[in-house]
Structure formats: structure tokens, C-alpha cells
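Structure assessment
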Amino acid sequence: MKTIHGRTIEDWVARHPLIEELVALRETRWFNPAIAPAATALGEVGLSAADVAEASARLRRFAPYIARVFPETAAAGGIIESGVVPVPKLQRRILDEAGLPAGGALWLKTDNALPISGSIKARGGIHEVLWHAERLALQAGLIRADEDYAALASDAARAFFGRHRIAVGSTGNLGLSIGIMSAKLGFQASVHMSADARQWKKDRLRASGVTVVEHASDYTVAVEQGRREAASDPACHFVDDENSPQLFLGYAVAAERLAGQLQAAGVRVDAEHPLFVYLPCGVGGGPGGVAFGLKLVFGDAVHCIFAEPTHSPCMLLGVYTGLHDQVSVQDFGIDNLTAADGLAVGRPSGFVGKAMQRLIDGYYTVTDEALFRLLALACDEEGVQLEPSALAGVPGMARVLGDPAYLERIGVTPAQLANATHLAWATGGSMVPPAEFAGYADRGRRLLAASA
Ligand SMILES: *Cc1c(COP(=O)(O)O)cnc(C)c1O
């Protein structure tokens, strides 16, 4: 009989009933009863506010360089950041569909529009490449930390970086960020792409001079191949999406920036004005890093919830069973096949799952059909272009409002809920080619018409 960690599926379901929903690919949610106050749980992460401040300072040191080599960032002084926008029409559609009354306001964090690579990976991915480049450049005496880093745009600096390699495994967007940034600095970059990676992402990387290695297998295998390639070459830095503090810290910097943006928009966040943040989750580094930053900034006033496709609920499964990276969705017969390519991950990061488990309020799953319907609505009603993965956070508001038991447990009263801000992290999409996006939107509109 087939067993998973010594137990049959029936045995697992008896102990962890939600597994039945996951295996049946039904949309489901789980709010973790073991969450802890930020003051306690932040101490269990192994990284600190000082680490995030260091990452933030590094991004500021590199800003003059970024502004010089990516002119689209010059207006923002070389700081790579996106906006926050209210999406009232999308909110009404979601709540009407769920038959729920309002409870706060829905906003989007538009990382789809982040410059350079058009996704949340422009945070963590670019930070890690800059961290590595800075370390090499300082060691070699190519720059000093108090110098203008725009000097790194010189031919001499590019020639220096050209003697070093950077490798990564990716479903697409991380590869884009790492590849574009590495190639710009002059590194030799190789990106190991899983089978689900889009052709346009591979084409774009090759056009930037990046070596793209295509694999017929999924994300976990692509990462493994990248890790193996890097291990055989001491001049090669491997960006480990499953286990990288520098990626994680680059994502975490988002929180201090968001705090300033919400304040500027007149949105309060405190005990009387809770903030719910819905983060699409693949391996977990992006949403985990952002959530870590948010908990440092907003403490117990922020509630972070991860969203995954019904076909790839790896983080939910890992945290819920306590098996973390010792289990994959495939172990339970779930196929990890989804059009949400950034989220097509079968095995979660053990580092993120363990470090963050008491800081993440909950997890839910979304079908691909729902992602496409929301994609069409976001496009037609709010005028934003998102890729399928980036919609996963949007139904989160309805999942939370539809669960009074969870709200009661975390102590959010109806009056506080009326003051709440719900922020769906829109993780990618502005770089999707027009013809490809038109196909996504058409698919969504057909699904909407069929369900009307
Ligand atoms: C990578 C990605 C995510 C999730 O980030 P992980 O670090 O893999 O959890 C979400 N959305 C998009 C568009 C992505 O590219």
C-alpha cells in the first residue's frame, strides 16, 4: 500500500481532514490556530529588523547605478517600487459573488508594474544580485561603500563581473529578474527554467545575453539542476530560491515603503484599523519575506494570508501537516499543474515554512478558472494588467469576511472590520506580451459569461 511518511492517505485524512479537500482540488482555506503575537514569533525567524535595514540601505546605495542603467527608474531615483491603488469595482464584484456585506476596503499593491522585470521578483531577485555584486566589488577594491555606485556601469567593472557567474532555477519570473540584473552588471548568467516557463520569458532572457537551460520537469528539478551546475564552479553564485536570506530580505524591504505609501494615501493601520494582506505563494520566499517585513513594521495590526492554486497548495500542505519541505503535493497525488506559473511549486521552502509559521494567519486555495475570471475583471473593471498568479490574492477578502470564527479568534470586532484595509499583492503581469495577455483576458471573459 502507498504510504506517505509511514501513513496511508486515509490515515493522513483522519488526522488532518483538510487534506481531503486539497486532494479533491476544491477551493479551501485554513487559518492557523498556532499563530503567535509578533513580539514572540519575530524572534523565531532568525533574521532581524537590522538585517532588513541593511538590505534597504544597500538598495539605496545602488539607486544611482540603477537609475543610470535602467532609465525607466530614473524618475524614482533608481528605487524600484510600485504603487497602491483602491479597487472598489473589483471589491464589489467579489463580495457580491460571495454574497457578503462590505467589511473594509480592497486595495492592490501593483508589483505587476515594478520596473525592470514586471513582478515581485524585482524585489528579492535584484537585491540578491546587487548583494553579491557589492561583496565582490568591495573585496576587489573596485568600489568603496561611500562612493557613487554609478561607477559600476563602467566597462572595467563589467569586465570584472564578467569573470563571475550567477545561476538560478525558476518557473520564469525569478529567472527574468536575476538574468536581466546579472547581465546588466556584466555577469555570465544561466537560468534553469522549468517546463511551465513561458516562451516569451525565455526569449527575453536570451535577447539579454543570458543562457537559458530548459528542463522538461517542474520547478523543484530546475532548481536542483541549477544548484548542481553552480556547485561545480567556485566562481558561480547560486541564487537559492528555496533557502536564501538575501532574497527574503529584499522582499522584506517592501514593508517600510508600503507604510509610507499608506500613510500618504491617508490609510491608517493600527489595532482599530487592521490590515489584511493577501500574498500569492509559490515556494514562499516572496510572500514570506514581505510578510516578515510587514510584521516588523505593523506588528499585530497586520494579518498575512497566503494564496495558492488548488493544483499547487504546497505551503498550506507543508505547514498544516508540519512536514514542511519533507512533503510535496505530488506525494498526495496532486499534479502541480496550473496556469499560474509563478505559483507552480510542489514543494515549499522549508526555511520560510518553519521560520514564518507562527506569523502567517492562514492559507487558502484558488482554482485556475477563478484566477482567469478575476484577471478579466481586473482588466475590464479596473484597467490593470495582471498575470494569472497575481490574482490569487484578490479573493482573500471574501475568504476572511466569510469566516467569522477566524475573525473572532484573532479578536477583530465588526467595528474594527469596517475600518479594515484588505491589500491584495498583485505580484506580476505588466511585461506579459499583448497577444499573450489578450488570450488570458479572453479566457477569463468566456468563463465569466459561462457563469453569469
Ligand atoms: C514568484 C512569484 C510569486 C510567489 O513567490 P514565491 O517566492 O515563489 O513564493 C507570486 N507571484 C508571481 C507572479 C511570482 O512570479
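Structure: see above.
**Regarding the sheet that holds strand β11 (residues 421–426)**
Within the open sheet, the seven strands sit side by side as β1-β10-β9-β8-β11-β3-β2. Their pairing is mixed. Since the sheet does not close on itself, it has two edges, and those belong to β1 (29–31) and β2 (84–86), each with one partner. Direction aside, the axes of adjacent strands within the sheet are offset by 20 degrees on average. Relative to strand β10 (residues 360–366), strand β9 (residues 302–309) runs parallel, the two sharing six bridges.

**As for the packing of helix α8 (residues 173–185) against helix α9 (residues 199–207)**
Between α8 and α9, the least distance of the axes is 10 Å, while the angle of their chain directions is 10 degrees. When the axis of α8 is compared with that of α9, the two are roughly parallel. Facing α8, whose interface residues are N173, G175, L176, G179 and I180, α9 presents W200, K201, R204 and L205. Here the residues of the contact of α8 with α9 sort into four nonpolar, three polar and two charged.

**Observations regarding the pattern of salt bridges**
Scanning the model with the defined rule gives 28 salt bridges in all. Between R61 and E134 there is a salt bridge whose closest N-O contact spans 2.7 Å. Taken together, the residues span a long stretch of sequence, with R61 in helix α4 (residues 49–69) and E134 in helix α6 (residues 121–139) at a distance of 73 residues. The partly exposed category is assigned to R61, whose relative accessible area is 26%. In this structure, R198 and D341 form a salt bridge, with 3.4 Å as the shortest nitrogen-oxygen distance. Here the residue R198 occupies a position in the loop between β5 (188–193) and α9, and D341 occupies one in the loop between α14 (314–321) and α15 (350–356), the gap between them amounting to 143 residues.

**Description of the sheet that holds strand β6 (residues 211–214)**
Here we have four strands laid out as an open sheet, ordered β6-β5-β4-β7, and parallel in their pairing. Each edge of the open sheet is held by one strand with a lone partner, namely β6 and β7 (236–239). With strand direction ignored, the average angle separating the axes of adjacent strands in the sheet is 20 degrees. By the bridge criterion, four bridges tie strand β4 (residues 165–170) to β7 in an arrangement that is parallel. If you follow R165 over to β7, its bridge partner there is C236. Against the sheet, α8 contacts β4, β5 and β7, and its axis sits at roughly 165 degrees relative to β4.

**A closer look at the site of the ligand**
Near the ligand you find 15 residues, and of these K121, N173, G284, G286 and T427 are the closest. One of the backbone N or O atoms of G282 is found 2.7 Å from an oxygen atom in the ligand. Note that an oxygen atom of the ligand is positioned 2.7 Å from one of the backbone N or O atoms of G284. Within the complex, the protein chains bury 98% of what would otherwise be the 370 Å² of accessible surface of the ligand. Considering each element in turn, the shell around the ligand owes the most residues, three residues, to helix α13 (residues 285–298).

**Examining the packing of helix α11 (residues 245–252) against α13**
Contact geometry of α11 with α13 gives a least axis separation of 7 Å together with a crossing angle of 55 degrees. Between α11 and α13, the angle is such that the two are oblique. Two packed elements cross with a definite hand, and for α11 against α13 that hand is right-handed. For the pair α11 and α13, the contacting residues are F248, Y251 and A252 in the first and G285, G286, G288, G289, V290, F292 and G293 in the second. Broken down by class, the residue content of the contact of α11 with α13 amounts to five nonpolar, five polar and no charged.

Conventions and cut-offs
- Residues numbered from 1 in each chain as written.
- Predicted model: local features only at pLDDT ≥ 70, side-chain atom pairs only at ≥ 80, totals over all residues.
- Heavy atoms only, no water.
- Pairing = 2+ DSSP bridges.
- Helix = DSSP H or I, 4+ residues; strand = E, 2+ residues; numbered from the N terminus.
- Axes fitted to C-alpha atoms, helices over the stretch in contact; angles between N-to-C directions.
- Parallel < 35°, antiparallel > 145°, perpendicular 65-115°, else oblique.
- Contact = heavy atoms within 4.5 Å.
- Nonpolar A, V, L, I, M, F, W, Y, C, P; charged D, E, K, R; others polar.
- Salt bridge = Lys/Arg side-chain N within 4 Å of Asp/Glu carboxyl O.
- Buried < 20%, exposed > 50% of the residue type's maximum accessible area, 1.4 Å probe, protein only.
- Near = heavy atom within 4 Å.
- Polar contact = N/O pair within 3.5 Å; in protein donor to acceptor, adjacent residues only side chain to side chain.
- Areas by Shrake-Rupley, 256 points an atom, 1.4 Å probe, with all protein chains shown as cover.
- Left-handed = near helix turned anticlockwise from the far one by under 90°.

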